[in-house]
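# What the coordinates show
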Amino acid sequence: MSTYAKGLEGIIAAETNMSWIDGTKGILEYVGINIDELAQKSTFEETVYLLWNGKLPKINELDEFTRELRSHYRIPDVMKERIARIPKEVEPMHMLRTLISELSFYDPNPNDNDVASARQKAIRVLGQAPTLVAAFDRSRKGLELVEPDTELGFSQNFLYMLNGKKPTDTMAKAFDICMITHADHGLNNSTFAARVVISTLSDVYSALTAAVGSLRGPLHGGANEGVMKMLNEIPTIEDVEPYIMNKLKNKERIMGFGHRVYKAKDPRAKELQKLAKQLAEDTGNSDLFLKSKKIEEIMEREVASKGIYPNVDFYSATTYHCIGLQLDLFTPMFAMSRLGGWSGHIIEQLSDNRLFRPKAQFVGEHNVPYIPIQER
Ligand code: SDX
């Protein structure tokens, strides 16, 4: 007899070699390496190599991976014209979902989904996604597009294309830590979406498009934008307590808190909190960080007993703001990074596939007579 788990809560629906989460202790490991170590010592390129290959690269392997990724920074000219025609009011996550799908038009073999082809498509989309985001942002602002610079790393190059000038090492490193900490996280909703789609032996572009669509939801990756909107709504530190208490009284969700798996503070939130504090002080945004700390103190007092703690989105909002990113680019940042995890899961699914097809429990009536329309 099958059991019904609403939202598949607690159900194991896949096996993975990439990330492991201890929700009780608040631990995250990528291929067995603690996220704190990777955030402090690794780079996004090295982290994606680790996720895709199950081991840290040797120097020559990282050089080759980095060279290959940078060779895919450029987008087809036809897509630059396409971007110029997208209305500037379009939400960047709708743009990204659409254009990742459109990248399949310029792939001579869009449907090849053997593991080698899937990996090739994955590294191409991973390289091109930041260029799509930066090109759209500059286009909607009426600014000249900035061509990618293959001399620059993933994070440096993105900030360069976005702002038209190379970032400081501090900003590039901070952004890279954001990319590392967002890269993979077990079978979260968007990763599950990608695995469900590729399990029909559809194609990588369809699976990634589904994942982007899932991630934009405010209960998932969209929460970082919700956190920033909340911080902007609270005028001063003195207004934090009444604001939060009112929302809790109305049973409203506080964005950036709670998690289906973590019942302790998300280890990524701890890493991002350090970044947010430093960047807020460096950029004159201390009020944002102080409001965030105050929210965390109140939530600790009010709902920690229910296992509700800050998740990855809570401090990423302040971090992205201090790096200079516009609010509606926060979730696209999450997507750019998670393309690494999604692609790894697509490759894992293809390597040991079984079509996802759960059951639905029918709760309606049986043997209902057909009534002719004249008699209804
Ligand atoms: C991400 O899955 C992943 O790994 C996701 C992610 C990743 O890296 O891929 O970690 C990224 O999506 C992080 C989560 C970002 N979302 C938010 O910050 C949105 C706000 N959070 C909530 O909506 C909620 O916490 C979820 C959706 C994240 C998890 O919800 P669950 O597991 O379905 O928990 P639930 O809705 O059953 O809540 C249990 C209780 C409820 O209270 P009661 O009805 O039992 O009294 O906790 C309360 C909820 O009301 N609760 C909250 C809350 N989250 C849960 N109360 C206030 N504020 C919140 N944020």
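Residues numbered from 1 in each chain as written. Predicted model: local features only at pLDDT ≥ 70, side-chain atom pairs only at ≥ 80, totals over all residues. Heavy atoms only, no water.

### Section: unusual backbone geometry
Phi is positive for L8, which is not a glycine, with a value near 55 degrees. Note on placement: L8 falls in the segment before β1 (19-22). A positive phi angle, close to 65 degrees, is found at L201, a residue other than glycine. Inspection of the secondary structure assignment puts L201 in the loop between α9 (189-198) and α10 (204-215). (Helix = DSSP H or I, 4+ residues; strand = E, 2+ residues; numbered from the N terminus.)

### Quick notes on the packing of aromatic side chains
Aromatic ring pairs are described here by two measures, namely the spacing of the ring centres and the angle between the planes. One pass over the structure, following the stated rule, counts 11 aromatic pairs. Ring centres of F105 and Y106 lie 6.0 Å apart, and the angle between their planes is 65 degrees; this geometry places the pair in the edge-to-face category. Each member of the aromatic cluster is reached from another via a ring pair, and the members are F158, F175, Y320 and F330. (Phe/Tyr/Trp six-rings, centres within 6.5 Å; stacked < 30°, edge-to-face > 60°.)

### Thoughts on the layout of surface pockets
What the second largest pocket holds in volume is close to 900 Å³. Around the second largest pocket, the lining is made up of 34 residues, and of these I11, I12, A13, F356 and P358 lie nearest the centre. Among the secondary structure elements, those contributing two or more residues to the lining of the second largest pocket are α2 (44-53), α9 and α16 (330-351). Examining the composition of the lining of the second largest pocket, we find that four residues originate from one element, α16, more than from any other. For the lining of the second largest pocket, the class distribution of residues is 18 nonpolar, nine polar and seven charged. (1 Å grid on protein atoms, 1.4 Å probe; cavity = no way out; pocket = protein on both sides within 12 Å on 5 of 7 lines; lining within 4 Å. Points joined across faces, edges and corners; volume = space filled by probe spheres on them. Nonpolar A, V, L, I, M, F, W, Y, C, P; charged D, E, K, R; others polar.)

### Digging into the site of the ligand
Contacts to the ligand come from 23 residues, most closely from H185, H259, R260, R268 and R338. At a separation of 2.7 Å, an oxygen atom of the ligand approaches a polar side-chain atom of R260. Within the side chain of R268, one N or O atom sits 2.6 Å away from an oxygen atom of the ligand. Across the complex, the protein chains shield 76% of the 1000 Å² of accessible surface that the ligand would expose by itself. The residue inventory of the shell around the ligand, partitioned by class, reads eight nonpolar, seven polar and eight charged. Counting residues domain by domain, the shell around the ligand receives three or more from each of domain 1 (31-168 + 184-219 + 339-351) and domain 2 (223-323). (Near = heavy atom within 4 Å. Polar contact = N/O pair within 3.5 Å; in protein donor to acceptor, adjacent residues only side chain to side chain. Areas by Shrake-Rupley, 256 points an atom, 1.4 Å probe, with all protein chains shown as cover. Domains from an automatic or database assignment.)

### Concerning empty space enclosed by the protein
One pass over the full model with this rule turns up one cavity of 30 Å³ or more. If you go around the largest cavity, the residues you meet are I75, K80, T131, A134, A135, R138, L145, V146, E147, P148 and M161. For the lining of the largest cavity, the element with the most residues is helix α6 (residues 115-140), which contributes four residues. In terms of residue class, the lining of the largest cavity is made up of seven nonpolar, one polar and three charged.

### Let's talk about a nonpolar patch on the surface
On the surface, V78, F105 and Y106 cluster together to form a nonpolar patch covering roughly 300 Å² of accessible area. With respect to the helices, strands and loops of the structure, Y106 is situated in the loop between α5 (92-102) and α6. A relative accessible area of 34% means that Y106 is categorised as partly exposed. (Patch = residues over 30% accessible without salt bridge, like charges linked within 9 Å, V, L, I, M, F, W, Y side chains within 5 Å. Salt bridge = Lys/Arg side-chain N within 4 Å of Asp/Glu carboxyl O. Buried < 20%, exposed > 50% of the residue type's maximum accessible area, 1.4 Å probe, protein only.)

### Re helix α7 (residues 154-163)
With eight of 10 residues buried, α7 lies mostly within the body of the structure. All buried positions along α7 are accounted for by F154, S155, N157, F158, L159, Y160, M161 and L162. The inward-facing, buried residues of α7 abut α2, α3 (59-70), α6, α8 (169-181), α15 (312-323) and α16. After α7 finishes, the residue G164 shows a positive phi value of roughly 80 degrees. (Contact = heavy atoms within 4.5 Å.)

### A look at the domain arrangement of the chain
Splitting the chain by domain gives domain 1 (31-168 + 184-219 + 339-351) and domain 2 (223-323). Between the C-alpha centres of domain 1 and domain 2 there is a distance of 27 Å. Taken together, the contact pairs eight residues of domain 1 with nine residues of domain 2. Summing both partners gives a buried area of about 700 Å² for domain 1 against domain 2, and 56% of it is carried by carbon and sulfur. Sorting the residues of domain 1 by area buried against domain 2 places I35, H185 and P218 first, and these three jointly supply 52% of that buried surface. At the surface where domain 1 touches domain 2, the tally comes to zero salt bridges. Viewed at the interface, domain 2 and domain 1 are joined by three residue pairs in polar contact (both at pLDDT 80 or more). Broken down by element, the side of domain 1 that touches domain 2 gets its largest block of residues, four residues, from helix α1 (residues 35-41). (Buried area = accessible area lost by both parts, 1.4 Å probe.)

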